[in-house]
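One letter stands for each residue in the lines below.
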Amino acid sequence: MIAIIDYKCGNLGSVANALKRLGGEFEITSSKETIEKADRVILPGVGNAAQAMERLKDADLCNTILNLRKPVLGICVGMQIMCRHSQEGDVECLGIFDTKVKKFEPVEGLKVPHMGWNRINNLESKLLKGLKGGEYVYYIHSYYPQLCPDTIATTVHGTMFSGALKYENFYGTQFHPEKSGDIGETILKNFLEL
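Residues numbered from 1 in each chain as written. Predicted model: local features only at pLDDT ≥ 70, side-chain atom pairs only at ≥ 80, totals over all residues. Heavy atoms only, no water.

Draft legend 1. Just the pairing of strand E7 (residues 100-103), in detail. Examined bridge by bridge, strand E5 (residues 85-86) and E7 share two bridges and lie parallel to one another. Residue pairing in the sheet places Ser86 in a bridge with Val101 of E7. Taken together, the three bridges between E7 and strand E10 (residues 143-145) define a ladder with antiparallel strand orientation. The residue bridging Val101 from the neighbouring strand is Pro145, located in E10. (Pairing = 2+ DSSP bridges. Helix = DSSP H or I, 4+ residues; strand = E, 2+ residues; numbered from the N terminus.)

Written as structure tokens, this is what we have:
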């Protein structure tokens, strides 16, 4: 069973629909016990990192997540709050991934938020098994995780940043696999097989 963490910041419906298409058994939950018993955990996220951290703390789920030893996938803001710090709201985050989240600098011709399809390259993980560099995935974000030793995929939007991260049993995608068509479906299927 997959636990989709409900901390009032995620696009739960899109993630749930993507898992349904794959035949995955899941539960949308904020229960520590359910999260701890699950085979896999997804931390979706939409919106503001500082607000997301506040809601995670209000739900008393920070230590629960940090202590998980099963595959965990953070999506978008869900991944950003797994980093050390976010400029968005100047907030300390969970510190799982050894990187900071920064705002895209204004550059002529560069749209912020970064919204739409973009390529991922430098793929280095079982999460991305079966994909070739240059595949397109769907992004919508104004902040990005910097490159670091945990980077397992990169994307360029004005600057090169971490499109995906991995540390031990924790994985994260800045893009939305649940909105990334067949490529995203492959990534979610790989996650279910970890």
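Having seen the model, we can carry on.
Draft legend 2. Local environment of the sheet that holds strand E3 (residues 40-43). Pairing is mixed across the open sheet formed by seven strands, whose spatial order is E2-E1-E3-E4-E13-E12-E11. Across the chains shown, the open sheet's two edge strands, defined by having one partner strand only, are strand E2 (26-29) and strand E11 (151-157). The sheet shows a mean angle of 20° between the axes of neighbouring strands, direction not considered. Judged from the four bridges that link them, strand E1 (residues 2-5) and E2 form a sheet pairing that is parallel. Following the sheet pairing, Ile2 is matched in E2 by Phe26. Across the sheet, helix H6 (residues 181-193) lies against E1, E3 and strand E4 (72-75), angled at about 140° from E3, the strand it touches most. (Axes fitted to C-alpha atoms, helices over the stretch in contact; angles between N-to-C directions. Contact = heavy atoms within 4.5 Å.)

Draft legend 3. Looking closely at the sheet that holds strand E6 (residues 91-92). Across the sheet, four strands lie side by side as E6-E5-E7-E10; this open sheet has mixed pairing. Each edge of the open sheet carries a strand with a single partner, namely E6 and E10.

Draft legend 4. Focus on the packing of aromatic side chains. With the rule as written, the count across this model stands at six aromatic pairs. Taking the centre distance of 5.8 Å and the plane angle of 80° together, the rings of Tyr139 and Phe175 count as edge-to-face. Taken together, the residues span a long stretch of sequence, with Tyr139 in strand E9 (residues 135-141) and Phe175 in the loop between strand E13 (170-173) and H6 at a distance of 36 residues. Here the two residues Tyr139 and Phe175 agree in accessibility, since each one is buried. Relative to Phe161, the ring of Tyr144 lies with its centre 5.8 Å away and its plane at 50°, an arrangement referred to as tilted. In this pair, Tyr144 sits in strand E10 while Phe161 sits in strand E12 (residues 159-167), placing the two residues 17 residues apart along the sequence. Here Phe161 falls in the buried class, since its relative accessible area comes to 0%. Cluster of aromatic residues (ring-pair linked, three or more members): Phe104, Tyr139, Tyr144, Phe161 and Phe175. (Phe/Tyr/Trp six-rings, centres within 6.5 Å; stacked < 30°, edge-to-face > 60°. Buried < 20%, exposed > 50% of the residue type's maximum accessible area, 1.4 Å probe, protein only.)

Draft legend 5. View of unusual backbone geometry. Residue Pro113 is reached from Val112 by a cis peptide bond, and omega for that bond is 10°. Within the secondary structure, Pro113 is located in the loop between E7 and strand E8 (114-120). Of note in this structure, Asn122 is not a glycine but carries a positive phi near 55°. Considering the arrangement of structural elements, one finds Asn122 in the loop between E8 and E9. Of note in the backbone geometry, Glu168 takes a positive phi value of approximately 55° without being a glycine. Residue class for Glu168 comes out partly exposed when judged on its relative accessible area of 48%.

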